[in-house]
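Now for the letters of each chain:
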Amino acid sequence: MKKIKFTILGIALLVGLFVACSDDFLDVAPQASLDEGTLGNQQGVEATLISAYSMLDGWNDDWGSFGIPWGAAGSNWIWGSVPSDEAYKGSEPGDQLEIQLVELFQWAPGNGYLNFKFLALYEGIARSNATIKLMKKSEGITDQERIEAEARFFERALSL
């Protein structure tokens, strides 16, 4: 009797091993993500162009990984108004030391506001390039010249 139970158990394990070890469960389309198949139409290309424009304000909607948005703000207060004495940082000397260093023209490569400004600019350039790449891969896009011109203008304006 024990021999029959072990034989049946062994056969069940072998069958389970062959059935359970297929890689088909790994071939699942990602959920809640956008790919070229989803965005490969007029609305998708226009949406990627809008996402490039959304970087003009320097805000990537993320305080954690992108950093503090003030250094990359669209008003360019830190990089335009503060160094030109058009604005004063205010507060006490120890508050926002990195802005005070910009005001005194003593910034260093480790200045977080400088890094966040360039992160926002390069994110906008990357989104412009993604728009052009997606548009060229997609079919049935009207106004291709306009979309490409806007993306290239935006890319050029950010890289100056």
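Along every chain, residues carry numbers that run from 1 in the direction the sequence is written. With pLDDT at 70 or above as the cut-off, local features in this predicted model cover only qualifying residues; side-chain atom pairs require 80 or more to be listed or tallied, and sums for whole chains, interfaces and linings still use all residues. With hydrogens and water stripped out, all remaining heavy atoms of the structure feed into the side-chain values.

## Here we look at the side chain of Q100
Here a helix means four or more residues in a row that DSSP labels H or I, a strand means two or more in a row labelled E, and each is numbered from the N terminus. Mapped onto the fold, Q100 is located in helix α5 (residues 97-103). For each residue, the accessible area found with a 1.4 Å probe, counting protein chains only, is set against the maximum for its type, and the residue is called buried under 20%, exposed over 50%, and partly exposed in between. Assessed through its relative accessible area of 19%, Q100 is described here as buried. Residues within four places of Q100 in sequence aside, it is in contact with K89 and P93. Note on contacts: a residue pair is in contact if any heavy atoms of the two residues lie within 4.5 Å.

## Section: the nonpolar core
Joining through side-chain atoms within 4.5 Å is the link that ties buried Ala, Val, Leu, Ile, Met, Phe, Trp, Tyr and Cys residues into a set, and such a set is a nonpolar core. Core analysis: the biggest nonpolar cluster contains 9 residues, these being L39, V45, L49, I132, L134, M135, I141, I147 and A151. Contributing elements (two or more residues each) for this core: α3 (42-53), α6 (112-137) and α7 (144-159). A per-element tally of this core places α6 first, with 3 residues. When near neighbours in sequence (up to four residues on either side) are disregarded, I132 contacts E148, A151 and R152. In terms of nonpolar packing, the next biggest core, distinct from the first, is built from 6 residues, W79, V82, V102 and Y113 among them.

## Digging into the layout of surface pockets
Both site types are read off a 1 Å grid over the protein atoms alone. A 1.4 Å probe that fits but cannot get out defines a cavity, while an open set with protein on both sides within 12 Å along at least five of seven lines defines a pocket; lining residues have an atom within 4 Å of a point. Grid points are joined across faces, edges and corners, and a volume is the space filled by probe spheres set on the points. Considered as a void within the structure, the largest pocket measures approximately 190 Å³ in volume. In this structure, the largest pocket is lined by L34, D35, E36, L39, A47, T48, S51, R127, A130, T131, K133 and L134. Mapped by element, the contributors of at least two residues to the lining of the largest pocket are α2 (36-39), α3 and α6.

## Thoughts on a nonpolar patch on the surface
Residues enter patches when they are more than 30% accessible in relative terms and free of salt bridges; like-charged ones are connected within 9 Å and nonpolar ones (Val, Leu, Ile, Met, Phe, Trp, Tyr) within 5 Å. Computed by Shrake-Rupley with a 1.4 Å probe, the accessible areas treat only the displayed protein chains as cover when residues are assessed. Here, a salt bridge means any Lys or Arg side-chain nitrogen found within 4 Å of an Asp or Glu carboxyl oxygen. Taken together, the side chains of F6, L9 and L13 define a hydrophobic patch exposed on the protein surface, amounting to about 350 Å² of accessible area. Position of F6 relative to the elements: it lies in helix α1 (residues 2-20).

## Quick look at the pattern of salt bridges
Taken as a whole, this structure holds 6 salt bridges when the rule is applied. Linking D143 and R146 is a salt bridge whose minimum nitrogen-to-oxygen distance equals 3.8 Å. Look at D143 and you get partly exposed, because its relative accessible area is 46%. For the salt bridge of E148 with R152, the shortest nitrogen-to-oxygen distance reads 3.0 Å. One end of the pair is E148 and the other is R152, both in helix α7 and 4 residues apart, which spans about a single turn.

## Topic: the packing of aromatic side chains
Between 30 and 60 degrees the pair is tilted, below 30 it is stacked and above 60 it is edge-to-face, where a pair is any two Phe, Tyr or Trp rings, Trp via its six-membered ring, whose centres lie within 6.5 Å. Inspection of every chain in the model, using the stated rule, returns 4 aromatic pairs. Their ring planes at 40 degrees and their centres at 5.3 Å tell us that Y53 and F154 sit as a pair that is tilted. On the criterion of sequence distance, the pair formed by Y53 in helix α3 and F154 in helix α7 is long-range, its members being 101 residues apart. Using a relative accessible area of 32% as the deciding quantity, one classes Y53 as partly exposed. Looking at F154, the relative accessible area reads 4%, which means it is buried. Through pairs of rings, three or more aromatic residues link up here, namely W79, F105 and W107.

## Regarding the environment of I141
Note that I141 resides in the loop between α6 and α7. Between the alpha carbons of I141 and V45 there is a distance of 8.1 Å; along the sequence they are 96 residues apart. Once residues lying within four places of it in the same chain are set aside, the contact partners of I141 are N41, Q42, V45, M135 and I147.

## A few points about the packing of α3 against α7
Where α3 contacts α7, the two axes come as close as 10 Å, and the packing angle between them is 20 degrees. Put simply, α3 runs roughly parallel to α7. Helix-helix and strand crossings are classified by hand; for α3 and α7 the assignment is left-handed. Residues Q42, V45, E46, L49, A52 and Y53 of α3 lie in contact with α7, whose contacting residues are R146, I147, E150, A151 and F154. Throughout this entry, Asp, Glu, Lys and Arg are counted as charged residues, while Ala, Val, Leu, Ile, Met, Phe, Trp, Tyr, Cys and Pro are counted as nonpolar. The remaining residues, Gly among them, count as polar. A breakdown of the residues in the contact of α3 with α7 according to their chemical character gives 7 nonpolar, 1 polar and 3 charged. Helix axes are fitted only over the stretch in contact, all axes being lines through C-alpha atoms; the angle between N-to-C directions runs from 0 to 180 degrees. The cut-offs work like this: below 35 degrees is roughly parallel, past 145 is roughly antiparallel, 65 to 115 is roughly perpendicular, and the gaps in between are oblique. Left-handed describes a crossing whose near helix is turned anticlockwise from the far helix by less than a right angle; the clockwise case is right-handed.

Keep in mind these values describe shape, not function.
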